[in-house]
Every structure is written in C-alpha cells, then in structure tokens.
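# Structural overview
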Amino acid sequence: MNDTPARRLPAAALLLLALLGASALQAHTGEEAPPMALRGAMQKLGQDMQAVTGAIAVEDWAKVAELAPGIAHHAEPPPEEKARIIAWLGADAGRFRGFDAEAHEAATAMGAAAARGDGTAVIAAFARVQEGCLGCHQGFRKAFIGHFYGQH
Ligand code: HEC
C-alpha cells in the first residue's frame, strides 16, 4: 500500500477536527436548562477576541479598530433575563457590572489606539479587556452555571 505519512496526515487532521468539534458540542451536556441569551453574547465576544488576536499578530490595526466596537458594545440579554441575573447577583451586582465596564472601557481604548496605529497601546488595552473577562469569569461563571443550569 502507498500509505505514506503525507497521505495519512489529512485523515489524522480530520479526526482531530472531529474530536475537537465533538468536545465543543459536549461542553454543555448535563445541563438541565436551555442556554441563557448571555451565553450567545459571550460566544460572540470570544470569537471577536480571537479575531483581534489574529489581527494583532499581523499588525492589522484597521481590523482591530473594526472589531473593537463590537467588543465594547456587545449584545445584552433581553430585559427579563437581565432582571433574573441582577436578582441572583444581589449585592454582587456592582462587582459584576464593574468587570463588564472594565472590558467595555478597555475595548474602547483598544479601538482608539488601533485607529491611530499605536500597537503598544493596543496590546496594553487588549490585556485590560482580558482582565475584565477573566475577573468576571473567575468571580461568577461557575456559580452562574450552577444557578441557571442546575449544575452543582
Ligand atoms: C460581567 C461578567 C462577564 C464578563 C465581563 C465577561 N464574561 Fe464571558 N461569561 C460570563 C458568564 C456568566 C458566562 C457563563 C454563561 C453561560 O454559560 O450561560 C460567560 C461565558 C463565556 C464564554 C463561554 C460561552 C459558552 O459557550 O459556554 C466565553 C467564550 C466568554 N464568556 C467570553 C468572554 C470574553 C472574551 C469576555 C471579555 C471580552 C467576557 N467573556 C467577559 C460573564 C462575563
């Protein structure tokens, strides 16, 4: 058989992709409730941040400037879901909103830095955006999922 490494590689790559796809789909199994609208907004944020990373890598500041407003003004859940989240947060609502505000503010600064082609400032602002993401995830995500999807 003419089964050279070069011919085997595509099959291996496809298998890997299939496995990655399956694990992405399985990431939320075991949950008892339908997805919150916030999750969809977060997935979009994740994609936009990945696109920014790619644009930074090739110093495509115009692309960063184009993506930044979508991160600064990401979609919000509908009012009734928002009310449920705020009610659940209680006294922690201010801290939760603080992380969101940090990400918004830093994304706006990132867009402005990109518009003037200041790569160093773009990267500094990008790090602050990620601190907002990380702060909220570390502080709230596990409890959020436990509360709204019934995982304990
Ligand atoms: C104010 C809080 C907060 C901030 C700020 C925040 N997130 Fe999230 N994020 C959450 C919560 C809560 C969840 C869990 C949502 C769920 O599972 O329904 C989440 C989930 C996610 C997920 C997983 C979605 C999935 O399919 O499970 C991604 C990706 C994500 N966030 C990206 C980001 C990025 C990128 C940023 C910063 C630009 C960010 N988030 C900022 C609260 C936040």
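What counts and what doesn't
All residue numbers here refer to positions counted from 1 along the written sequence of the relevant chain. Only residues with pLDDT of 70 or above have their local features reported here, since the model is predicted, and side-chain atom pairs are shown and tallied only from 80 upward, although totals for entire chains, interfaces and linings are computed over all residues. As a rule here, side-chain values come from all non-hydrogen atoms in the structure, and water together with hydrogens is ignored. What counts as a helix is a DSSP run of H or I of at least four residues, what counts as a strand is a run of E of at least two, and both are numbered from the N terminus. Each polar contact in these results corresponds to two N or O atoms within 3.5 Å; when the atoms are within protein, one needs to be able to donate a hydrogen and the other to accept it, and residues that are neighboring in sequence are counted only if both atoms are side-chain atoms. In this analysis, the expected span of each helix is defined as 1.5 Å times one less than the number of residues it contains. When a residue's accessible area, from a 1.4 Å probe over protein chains only, is under 20% of the maximum for its type it is buried; when over 50% it is exposed; and in between it is partly exposed. This arc corresponds to the set of directions leading from the helix axis out to the C-beta atoms. Because water is not among the atoms used, a metal site may look incomplete, as its donors are only the N, O and S atoms within 2.8 Å, or 3.2 Å for Na, K and Ca. Site shape is set this way: if four donors have all angles between 85 and 135 degrees, tetrahedral; if opposite donors are over 155 degrees apart and all others between 65 and 115, square planar for four donors and octahedral for six; otherwise irregular. Any two residues whose heavy atoms approach within 4.5 Å are treated as being in contact. When at least one non-hydrogen atom of a residue lies within 4 Å of a molecule or strand, that residue is treated as near it. Each cavity reported here is a set of points on a 1 Å grid over the protein atoms alone in which a 1.4 Å probe fits but cannot get out, each pocket an open set with protein on both sides within 12 Å along at least five of seven lines, and each lining residue one with an atom within 4 Å of a point. Cavities and pockets are treated as containing a molecule whenever more than half of the molecule's atoms lie within 2 Å of their grid points. Two aromatic rings from Phe, Tyr or Trp, using only the six-membered ring of Trp, form a pair when their centres are within 6.5 Å; if the ring planes differ by under 30 degrees the pair is stacked, by over 60 it is edge-to-face, and anything between is tilted. Salt bridges, as used here, are contacts in which a Lys or Arg side-chain nitrogen is within 4 Å of a carboxyl oxygen on Asp or Glu.

## Section: the side chain of glutamate 31
- Here glutamate 31 is to be found in the loop between helix 1 (5-26) and helix 2 (37-57).
- Within polar-contact distance, the side chain of glutamate 31 engages the side chain of arginine 39 at 2.9 Å.

## Brief notes about helix 3 (residues 61-72)
- Across its 12 residues, helix 3 extends 16 Å between first and last C-alpha, which sits within 8% of the 16 Å expected from 1.5 Å per residue.
- What helix 3 keeps buried is the set Trp61, Val64, Leu67, Ala68, Ile71 and Ala72. Taken end-on, helix 3 shows its buried residues confined to a sector of 135°, consistent with a single buried face. Every exposed residue of helix 3 that faces more than 90 degrees away from the buried side is listed here: Ala62 and Glu66.

## A look at the coordination of the iron atom of the ligand
- Of the protein atoms, only Met42 (SD) and His137 (NE2) coordinate the iron atom of the ligand, at distances of 2.0 to 2.2 Å.
- If you look at the iron atom of the ligand, its 6 donor atoms make angles of 86 to 180° with each other, and the shape they trace is octahedral. With methionine 42 in helix 2 and histidine 137 in helix 6 (residues 119-149), this residue pair connects regions lying 95 residues apart in the sequence.
- What makes methionine 42 partly exposed here is its relative accessible area of 32%.
- Under the relative-accessibility criterion, histidine 137 is labelled partly exposed at 32%.

## Looking at the side chain of arginine 39
- Mapping arginine 39 onto the fold places it in helix 2.
- Among the residues examined, arginine 39 registers a relative accessible area of 14% and is labelled buried.
- In contact with arginine 39, not counting residues within four places along its chain, are His28, Glu31, Ile145 and Tyr149.

## A closer look at the site of the ligand
- Taken together, 20 residues form the shell around the ligand, and within it Met42, Cys133, Cys136, His137 and Tyr149 come nearest.
- Here arginine 39 contributes a side-chain N or O atom positioned 2.9 Å from an oxygen atom of the ligand.
- A distance of 2.6 Å is found between an oxygen atom of the ligand and a side-chain nitrogen or oxygen belonging to glutamine 43.
- The cavity that encloses the ligand is the largest pocket.

## Here we look at the packing of aromatic side chains
- Taken as a whole and assessed by the stated rule, the structure comprises 4 aromatic pairs.
- Ring geometry for tryptophan 88 versus phenylalanine 144: centroids 5.7 Å apart, planes at 85°, classification edge-to-face. Residue tryptophan 88 is found in helix 4 (residues 79-89), and its partner phenylalanine 144 is found in helix 6; the two are separated by 56 residues along the sequence.
- Summarising the aromatic geometry, the rings of phenylalanine 96 and phenylalanine 140 are spaced 5.2 Å apart at their centres and angled 80° between planes, so their arrangement reads as edge-to-face. Of this pair, phenylalanine 96 sits in helix 5 (residues 93-115) while phenylalanine 140 sits in helix 6; the two residues are 44 residues apart in sequence, bridging distant segments of the chain.

## As for the pattern of salt bridges
- Counting across every chain of the model gives 6 salt bridges.
- For glutamate 66, the salt bridge is made with lysine 63, and the minimal N-O distance between the two is 3.5 Å. Taken together, the residues glutamate 66 and lysine 63, both in helix 3 and 3 residues apart, mark about one turn of the helix.
- Given the relative accessible area of 56%, glutamate 66 is considered exposed.

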